[in-house]
Amino acid sequence: MASFDLSGRTALVTGSSRGLGRAIVEGLAAAGARVIVNGVDAARIHSAVGELRAAGHNAEGVAFDVTSEASILAAFEKFDADGVRIDILVNNAGIQVRKPLVEFSTADWRRVIETNLTSAFVIGREAAKRMIARGHGKIINIGSLGSEMARPTVGPYTAAKGGVRNLTRAMAVEWAQHGIQANAIGPGYMLTDMNQALIENAEFNSWLMSRIPSKRWGKPDELVGAAVFLASPASDYVNGQIIYVDGGMSAAM
Ligand code: GCO
């Protein structure tokens, strides 16, 4: 359907050489977008771009560290110099650190907040400056069930993802008048490397399956539908929202 067609648009997905970002960038490419794969590992980016191109997609790669403002600014200056127009930004990059809150160092706290929340602000600001000038743009922030609720041992991640939820609202209320739609996706428990320790933990799985109405882990490509929707003209009057792709977990007591 035309309203879900991303042809002629360029999408930057941070942290997209693997995991959820890799699935999202492939889904946006399949919907017609030219995609830019981002990460810090040039070899991983090269491999992901090669796979996307082999599948017939229009893909490029750009390595920058989402926690380095200098790297972000340099990347956007190069986009400007090369005439690359970021129409769709997916702030996906993130890390997880699990330990009791009292055992977190302030340095570990800062690392999680910088990677999962501050990066979305800095990259979002740089993208929005250019989107405002053009009068349109799509920003999709990747939240979490942690945007709404908490579980022990992931305090900094939960705080960051709660911030992502409200940063999305802040972006929406300031930038909607400029033709920008800022929304979020809240993945549930997905089968990714970041969750491998949980996937392999029988006790955690038993608890988790008791909490998820769908009684299974999610697959990264199950985020693609929500991502294409929020990246496309189909969502031009949707702003400040979060779509949970979580097997019903956020709806259950
Ligand atoms: C954890 C997990 C979660 C999931 C996801 C849930 O340790 O609880 O890493 O944070 O990754 O964010 O929505």
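Placed above this text is the structure.
Below is a summary of the structure that appears in this document. (Residues numbered from 1 in each chain as written. Predicted model: local features only at pLDDT ≥ 70, side-chain atom pairs only at ≥ 80, totals over all residues. Heavy atoms only, no water.)

Overview of unusual backbone geometry
Here's step 1: Of note, Thr153 is a non-glycine position whose phi angle comes to about 85 degrees, a positive value.
Here's step 2: Considering the arrangement of structural elements, one finds Thr153 in the loop between strand S5 (137–142) and helix H5 (155–175).
Here's step 3: Looking at Thr153, the relative accessible area reads 29%, which means it is partly exposed.
Here's step 4: In the Ramachandran plot, Lys215 falls in the positive-phi region, its phi being about 55 degrees despite a non-glycine side chain.
Here's step 5: Among the structural elements, Lys215 can be located in the loop between helix H7 (202–211) and helix H8 (224–231). (Helix = DSSP H or I, 4+ residues; strand = E, 2+ residues; numbered from the N terminus. Buried < 20%, exposed > 50% of the residue type's maximum accessible area, 1.4 Å probe, protein only.)

Description of the side chain of Lys138
Here's step 1: For Lys138, the position within the fold is in strand S5.
Here's step 2: Residue classification places Lys138 among the buried positions, given a relative accessible area of 2%.
Here's step 3: In terms of polar contacts, Lys138 uses its side chain to reach the side chain of Ser235, at 2.9 Å.
Here's step 4: Residues contacting Lys138, with those up to four places away along its chain left out, are Asp87, Ile88, Leu89, Met131, Gln181, Leu230, Ala231, Ser232, Ser235 and Asp236. (Polar contact = N/O pair within 3.5 Å; in protein donor to acceptor, adjacent residues only side chain to side chain. Contact = heavy atoms within 4.5 Å.)

A look at the side chain of Glu126
Here's step 1: Mapped onto the elements of the fold, Glu126 is located in helix H4 (residues 106–134).
Here's step 2: Residue Glu126 is classed as buried on the basis of its relative accessible area of 4%.
Here's step 3: Separated by 2.9 Å, the side chains of Glu126 and Arg125 make a polar contact.
Here's step 4: If we skip the residues at most four places from it in the chain, Glu126 touches Ile72, Leu73 and Phe76.

Focus: helix H3 (residues 69–82)
Here's step 1: Between its first and last C-alpha atoms H3 spans 20 Å; for 14 residues at 1.5 Å apiece the expected length is 20 Å, and the two agree.
Here's step 2: Those residues of H3 not exposed but buried are Ile72, Ala75, Phe76 and Phe79. Seen along its axis, H3 keeps its buried residues to an arc of 95 degrees; they face one direction. Seen from the open side of H3, the exposed residues pointing more than 90 degrees away from its buried face are Ala70, Glu77, Lys78 and Ala81. (Expected span 1.5 Å × (residues − 1). Arc of directions from axis to C-beta.)

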